[in-house]
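# Coordinate inspection notes
Spelled out, the chains give:
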Amino acid sequence: MPLKTEQVSNLMEWIKAFSVKDLQASGYSEPSMSPAPIAKYVQSAATYTVMATDQQNKKWGIMYIAYKLPDNAIRLGKVIWAPGAQGTSLNTATRHFAGLMKQETQKSPVNAAVSNAGVQHPVTTKSNSPRLPSPTTAPGKGLSAGDIAGMALHSETGIGVGGMVLIVWRPYLLLKNGMMYQNPDVSPYDLDVAKSKEQEPEKWGTWKINGKIITVNRGSKNGLPGKPEEWKSGWWTWATPATPNEKLNASYNSLTGGGNTAMGGGSITVSSTDITFNNSGQFTYESTGGGSYNGSGANVTAYSSKNKAGNYKLDGYCIELNYNNGNTTRQSFYFFSNDKKVFGIATRAYIQSEKTK
């Protein structure tokens, strides 16, 4: 975008105000507050990522990037992508901008550091302390299928491999009594509702639907409801439950991570998981961390592994994995659509491998 020569003391506040004007001039709606915009500094660049709607009512992700040149002029860029688009092209665009920033600012030691007071640089790795799992009952003694109105997937922003801002679909379990449980990890049929409300009240809220609009009130650690949010059509969708004892015959991959390489940094974390199912009810599971992983499919020997294979069972919003070593896990499960090429286990999405489509 054209250089801006105006004097700016707070680059982040400036880019937020600029985005509203630019979106309006370009024919988009103002930044959506649900999902909320993400404002962060990456090295010396201010980035502001929003969701907006064009005049044809199509949703777009838009990221504004700005940094100061040695003469205090502002270099400004804008990256636009459709929700659900692959992150590779978005990563390429931002890396190009990062290279330009390095080229234009590397001779200026003053501009190499963020001058705004109080700026916090992004965290490049997550805490090693795992979150405690939700409290459970004996298998099948939690919520019943009759208690559940459905699983809603809501479009929100998240951070992917290399620190790239992505659009993700977060799961919300909606109950017929008007209660909402966000980001379910365990099987809802095993969830100890009473203990969960006591131990993790921030995951409990309320919901109501009017046509294609869902109004939600999220929970909080003190148990008080948050401000109402409206999930409009296009920003949410119903997930599809599995049929009882449904069988799959394909490999699926999930890739997550963090870091700052998306903007030219040197830190990256990668976690990859591959699951292969066959129509005989068997599965194999492979997980790697700290680097890239590319593998799919399984041979007969792989299904006999004690610690990485076993038998699976799908039923509604639950997946049960019975490993050959005697361990069993039961977690929430849902398909993203009726074609069943993408499913979620807890909050992690798995996409069907190209080799098995």
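Residues numbered from 1 in each chain as written. Predicted model: local features only at pLDDT ≥ 70, side-chain atom pairs only at ≥ 80, totals over all residues. Heavy atoms only, no water.

## What to know about the side chain of Lys68
- Here Lys68 shows up in strand S3 (residues 59–68).
- No salt bridge is formed by the buried Lys68; its nearest oppositely charged neighbour, Asp71, is found at 10 Å.
- Here Val8 takes part through its backbone oxygen, which lies 2.6 Å from a polar atom of the side chain of Lys68. (Helix = DSSP H or I, 4+ residues; strand = E, 2+ residues; numbered from the N terminus. Buried < 20%, exposed > 50% of the residue type's maximum accessible area, 1.4 Å probe, protein only. Lys, Arg positive; Asp, Glu negative; His and termini not counted. Salt bridge = Lys/Arg side-chain N within 4 Å of Asp/Glu carboxyl O. Polar contact = N/O pair within 3.5 Å; in protein donor to acceptor, adjacent residues only side chain to side chain.)

## Here's the deal with the confidence of the model for the protein
- Looking at the protein as a whole, the pLDDT averages 79, with 73% of positions reaching at least 70.
- In the model, residues 107–130 has pLDDT below 50 throughout and makes 27 contacts with residues more than four positions away in sequence or in other chains.
- Below a pLDDT of 50 lies the segment residues 290–296, which in the model reaches twelve contacts outside its immediate sequence neighbourhood of four places, other chains included. (pLDDT = per-residue confidence, 0-100. Contact = heavy atoms within 4.5 Å.)

## Notes on the environment of Trp169
- Along the polypeptide, Trp169 turns up in strand S6 (residues 165–175).
- With 15 residues separating them along the chain, Trp169 and His154 place their C-alpha atoms 5.1 Å apart.
- If we skip the residues at most four places from it in the chain, Trp169 touches Leu153, His154, Ser155, Gly234, Trp235, Trp236, Thr237 and Phe336.

## A few points about the pattern of salt bridges
- A full pass over the atoms with the stated rule returns nine salt bridges.
- In this structure, the salt-bridge partner of Lys340 is Glu246, at a minimum N-O distance of 2.7 Å. Of this pair, Lys340 sits in the loop between strand S17 (328–335) and strand S18 (342–345) while Glu246 sits in the loop between strand S11 (236–238) and strand S12 (250–259); the two residues are 94 residues apart in sequence, bridging distant segments of the chain.
- A salt bridge links Glu320 to Arg330; the shortest N-O distance between them is 2.7 Å. Separated by ten residues along the polypeptide, Glu320 in strand S16 (residues 318–323) and Arg330 in strand S17 bring together distant segments of the chain.
- Given the relative accessible area of 17%, Glu320 is considered buried.

## Observations regarding the nonpolar core
- Core analysis: the biggest nonpolar cluster contains 19 residues, and Leu11, Trp14, Ile15, Leu23, Ile62 and Ala66 have the highest contact counts within it.
- Sorting the residues of this core by element identifies helix H1 (11–25), strand S2 (45–53), S3 and strand S4 (74–81) as the ones contributing at least two each.
- At six residues, the largest contribution of residues to this core is made by H1.
- Leaving out residues up to four positions away in the same chain, Trp14 has contacts with Lys4, Glu6, Val8, Ala66, Ile74 and Leu76. (Core = buried A, V, L, I, M, F, W, Y, C linked by side-chain atoms within 4.5 Å.)

## Concerning the pairing of S17
- As paired elements, S16 and S17 share five bridges and run antiparallel to each other. Paired with Glu320 across the strands is Arg330, a residue of S17.
- In sequence, S16 turns back onto S17 through a hairpin of four residues, with Gly326 there showing a positive phi of about 100°.
- Of the strand pairs in this sheet, S17 and S18 are connected by three bridges, and their pairing is antiparallel. What sits directly across from Phe333, in S18, is Ile345.
- In textbook terms, the turn of a hairpin is the stretch between consecutive antiparallel strands, and for S17 and S18 this stretch comprises six residues, one of which, Lys340, has a positive phi near 60°. (Pairing = 2+ DSSP bridges.)

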